[in-house]
Amino acid sequence: MVTRRTIRRGLAGSVALGVLAVLPGVATAADALPTYAPAPDAKPVEGKTSTGDAPKIDPGTYTDSLKRGEKKLYALELDGSSTAYVSAVAAPAPDTKVEDYTDGLTVSVQDSNGATCGPDGDVRFHGGKTAYPIGDYASRRIGSDLSECQQAGPYYAVVERPGDATSGPDSWPVELHYVTEPRLTGAAPAEPGKGSWSSATPAPPTEGKQKTVKGGTSFNDAASVGEGQWKDRIRPGETRFYRVPVDWGQQLNVSAELSSTARKPGTGISSFVPEALGLTAYNPARGLVSDESFKAYEGKQTPVRLFTAPVDYGNRFSDDDAVSPMRFAGWYYLEVSLNPDAAQFFKKDADLTLRVGLKGAAKPGPQYAEPATAFSVTSEDRGLAETGRAASEAERSGHLRTVGYAGIGIGAALLAGLGVWTARARRKAAITMAATGPAAGAPGGQGAQIPGQQPYGAQNGAQDAGQGFGQGSGRAPGSRPPQS
């Protein structure tokens with residue numbers, strides 16, 4: 001027998017199963033540092049050493065790996081109007097052995113004649129032999145100021161891992177991200193003139209209530225943060241990712257501060273970590289914006305600062321490596337890394353305060369010939385940045401709300417259908433009774449009792465006693481009792 005309670009239990013079970021199906025869940029050891037999380041939709045690819053058999057990649061995200069000294073190529077098919085960006089992120093595990101300034105990653109884009117299309121991306125470790133994700137991009141830019149790499153046709157992304165024999169022999173996971181920027185409908189804006197903006201770093205924002213946030217492990221699960229103060233925790237050897245929506249005309253002002261500690265290093269251990277805290281910034285195409293040296297730590301609160309140029313399309317024409325990447329609006333990424341040697345100061349983890357400011361009002365951007373969602377800032381982006389949540393987390397929350405609303409809607413529809421069915425059954429019984437009349441010999445107008453059948457009052461005594469709707473077992477015969 002189907003009862004309303006049975007329907008509610010079924011709906012609750014269905015919603016619970018839906019919740020379990022969408023929750024992420026990779027269990028890790030409590031003491032293990034988290035590793036880089038690749039994009040959920042990333043496709044595995046195996047780059048080759050020759051252009052002849054290089055795998056073709058389309059705009060999207062891919063995963064591969066690189067051994068020490070290895071170079072891999074990937075084929076691109078580019079048009080003659082869009083600018084293409086290919087980034088590579090190397091993500092060795094936190095305990096990987098790396099050498100400063102020699103271990104690193106390079107990425108370039110070449111045409112079919114072997115000519116390099118613009119500057120290479122070249123990034124090296126410099127955190128006191130701390131292993132953390134490193135990345136940069138290379139591009140094929142379309143522009144009237146260029147002569148090479150302007151035609152449609154075959155091109156190649158080249159990714160290489162330089163390194164000395166003293167570095168770790170393990171392969172590094174590598175994530176490739178390929179995105180295109182549409183052409184403009186009119187002439188490209190010129191490079192901003194010198195002195196058009198101030199490079200003097202303003203004080204970090206300190207007003208307002210601090211919000212809590214949990215940084216991600218990669219570009220893909222970076223926590224969204226906006227202007228204000230954000231409080232997080234970071235463990236020695238760990239890297240955390242955040243992202244900030246920065247619109248046209250705005251400058252990003254960031255301070256990442258490691259808290260002071262009363263804990264003193266043990267006997268024989270230095271009270272000074274030369275390269276303790278690092279702060280790296282990337283643009284929406286994962287191009288390196290700022291890669292300052294790690295800051296030393298000796299037990300006192302220690303901030304690492306960065307202040308960017310204003311976002312301007314014309315910055316791409318600049319020769320300044322810190323200005324050129326500030327060429328489009330969108331999500332800018334912040335990477336904070338803590339040297340494992342900081343464990344002498346912090347037994348478990350440390351307070352990390354992220355102070356984020358945006359200088360300047362948002363301005364209208366250039367007119368693209370096609371939608372350029374990756375290079376824009378929306379009101380939804382700004383709203384998400386106030387929550388401290390990653391994009392994937394927000395999508396998951398929205399999906400759960402959808403599942404919940406769907407469950408309520410289905411339940412209401414089923415209950416309404418059950419009510420109609422019950423009313424029809426009662427109406428049919430009343431019509432039948434009126435047509436046939438009471439059975440002969442049945443006292444009080446009741447029909448003759450079928451052998452073995454309980455009297456009406458015995459069947460329904462519990463309800464008559466005041467149990468009411470929704471009480472009692474409500475189970476069909478042979479069904480399992482509900483479990484707490």
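Further up the page is the structure itself.
Residues numbered from 1 in each chain as written. Predicted model: local features only at pLDDT ≥ 70, side-chain atom pairs only at ≥ 80, totals over all residues. Heavy atoms only, no water.

Participant: Would you mind showing me how to read the overall build of the protein here?
Facilitator: For the protein, the helix and strand inventory stands at four helices and 20 strands. Taking the intrachain contacts of the protein between residues at least 6 apart in sequence as the baseline, contacts between residues at least 24 apart amount to 77%. Here the protein displays about 25,200 Å² of accessible surface, and carbon together with sulfur accounts for 53% of that area. (Helix = DSSP H or I, 4+ residues; strand = E, 2+ residues; numbered from the N terminus. Contact = heavy atoms within 4.5 Å. Areas by Shrake-Rupley, 256 points an atom, 1.4 Å probe, with all protein chains shown as cover.)

Participant: So what exactly am I meant to see when it comes to the nonpolar core here?
Facilitator: Nonpolar side chains in soluble globular proteins tend to be buried together. Ranked by size, the top nonpolar core spans 49 residues in total, and within it Tyr242, Leu252, Leu334, Val336 and Leu354 carry the most contacts. Of all elements in the fold, only strand 12 (228-234), strand 13 (239-246), strand 14 (251-258), strand 15 (273-282), strand 18 (302-307), strand 19 (330-338) and strand 20 (350-359) reach the threshold of two or more residues within this core. Ranked by residue count, the leading element in this core is strand 15, at five residues. Apart from residues lying up to four places away in sequence, Leu354 is in contact with Val225, Gly228, Gln229, Trp230, Tyr242, Val254, Ser255, Ala256, Leu334 and Val336. Within the second largest apolar cluster, 43 residues are counted, among which are Leu66, Cys117, Trp172 and Val174. (Core = buried A, V, L, I, M, F, W, Y, C linked by side-chain atoms within 4.5 Å. Buried < 20%, exposed > 50% of the residue type's maximum accessible area, 1.4 Å probe, protein only.)

Participant: Looking at this model, I keep getting lost on the packing of aromatic side chains. Mind explaining?
Facilitator: The geometry of two aromatic rings is summed up by the distance between their centres and the angle between their planes. Taken as a whole, this structure holds 14 aromatic pairs when the rule is applied. Relative to Tyr132, the ring of Phe125 lies with its centre 5.3 Å away and its plane at 85°, an arrangement referred to as edge-to-face. Each member of the pair, Phe125 as well as Tyr132, is classed as buried. Centre to centre, the rings of Phe125 and Trp172 are 5.6 Å apart; their planes meet at 85°, and the pair counts as edge-to-face. Pair noted here: Phe125 is in the loop between strand 6 (121-124) and strand 7 (134-140) and Trp172 is in strand 9 (residues 172-181), with a separation of 47 residues, a long-range link. Trp172 carries the same exposure label as Phe125, and that label is buried. Put simply, the rings of Tyr36, Phe219, Phe241, Tyr282 and Tyr333 touch in pairs and so form one group of aromatic residues. The residue whose ring lies beneath Arg140 is Tyr155, and the NZ or CZ to ring-centre distance is 5.3 Å. The aromatic ring of Trp172 is capped on one face by Arg161, whose charged end is 3.7 Å from the ring centroid. (Phe/Tyr/Trp six-rings, centres within 6.5 Å; stacked < 30°, edge-to-face > 60°. Lys NZ or Arg CZ within 6 Å of the ring centre and 35° of its normal.)

Participant: Could you clarify how one ought to interpret the sheet that holds strand 6 in this entry?
Facilitator: By definition, the strands of a sheet pair up through backbone hydrogen bonds, in either a parallel or an antiparallel sense. Overall, antiparallel pairing links the four strands, which are arranged 3-8-5-6 in an open sheet. The open sheet terminates on both sides in strands that have one partner only, identified here as strand 3 (71-78) and strand 6. Within the sheet, the average angular offset between the axes of one strand and its neighbour, ignoring direction, is 15°. In terms of strand pairing, strand 5 (residues 104-111) meets strand 6 through four bridges, oriented antiparallel. When the bridges of strand 6 are listed, Val107 appears paired with Gly121. (Pairing = 2+ DSSP bridges. Axes fitted to C-alpha atoms, helices over the stretch in contact; angles between N-to-C directions.)

Participant: Got a minute to help me understand the pattern of salt bridges in this structure?
Facilitator: Two side chains of opposite charge can pair, provided their charged atoms sit close to one another. By the definition in use, this model includes 16 salt bridges. Residue Asp64 pairs with Lys72 through a salt bridge whose shortest N-O separation is 3.0 Å. Accessibility expressed as a relative area gives 6% for Lys72, which makes it buried. Between Arg286 and Glu175 there is a salt bridge, and its shortest N-O distance comes to 2.8 Å. Of the two residues, Arg286 is situated in the loop between strand 15 and strand 16 (288-291) and Glu175 in strand 9; the sequence distance between them amounts to 111 residues. Comparing Arg286 with Glu175 shows no difference in burial state: the two are buried. Linked by salt bridges that have partners in common, Asp232, Glu238 and Arg240 make up one network. (Salt bridge = Lys/Arg side-chain N within 4 Å of Asp/Glu carboxyl O.)

Participant: Sorry, what's going on with the state of the cysteines here?
Facilitator: Simply put, the disulfide is a covalent bond whose two ends are the sulfur atoms of two cysteines. With the rule as written, the count across this model stands at one disulfide. One disulfide in the model links Cys117 with Cys149; its S-S distance is 2.0 Å. Here Cys117 and Cys149 share a disulfide; its torsion about the S-S bond, -80°, makes the bridge left-handed. Within this pair, whereas Cys117 is found in the loop between strand 5 and strand 6, its partner Cys149 is found in the loop between strand 7 and strand 8 (153-160), the two being separated by 32 residues in sequence. Residue classification places Cys149 among the buried residues on the basis of a relative accessible area of 4%. (Disulfide = S-S within 2.5 Å.)

Participant: What am I meant to see in the sheet that holds strand 1 (residues 43-44) here?
Facilitator: Here we have five strands laid out as an open sheet, ordered 1-2-9-4-7, and mixed in their pairing. At either end of the open sheet lies a strand with only one pairing partner, and these are strand 1 and strand 7. Relative to strand 2 (residues 60-66), strand 1 runs parallel, the two being bridged by two bridges. By the bridge assignment, Lys43 is partnered in strand 2 with Tyr62.

Participant: What should I look at first to understand a negative patch on the surface in this one?
Facilitator: A grouping of Glu191, Asp319, Asp320 and Asp321 is seen on the molecular surface, where their side chains present a negatively charged patch. On the secondary structure map, Asp320 appears in the loop between strand 18 and strand 19. (Patch = residues over 30% accessible without salt bridge, like charges linked within 9 Å, V, L, I, M, F, W, Y side chains within 5 Å. Lys, Arg positive; Asp, Glu negative; His and termini not counted. Charge placed at Lys NZ, Arg CZ, Asp CG, Glu CD.)

Participant: Which parts of the structure should I look at to understand the pairing of strand 8?
Facilitator: Look at any regular strand and the pattern is simple: side chains alternate between the two faces of the sheet. The element strand 8 is extensively covered by neighbouring structure, given that six of its eight residues are classed as buried. Strand direction decides the pairing type here: strand 3 and strand 8, joined by eight bridges, are antiparallel. Residue Leu73 lies in a different strand from strand 8, and its bridge partner there is Val158. Inspection of the sheet shows strand 5 paired to strand 8 by six bridges, in the antiparallel sense. In the strand pairing of strand 8, Gln110 is matched with Tyr156.

Participant: Whenever I open this one, the side chain of Asn283 confuses me. Can you help?
Facilitator: By secondary structure assignment, the location of Asn283 is in the loop between strand 15 and strand 16. Within the structure, the side chain of Asn283 is placed 3.0 Å from the backbone nitrogen of Ala285, a separation counted as a polar contact. There is a polar contact of 2.7 Å between the side chain of Asn283 and the backbone nitrogen of Gly287. Those residues within four positions of Asn283 in sequence are excluded, and the remaining contacts are Tyr137, Val289, Pro325, Phe328, Trp331, Tyr332 and Tyr333. (Polar contact = N/O pair within 3.5 Å; in protein donor to acceptor, adjacent residues only side chain to side chain.)

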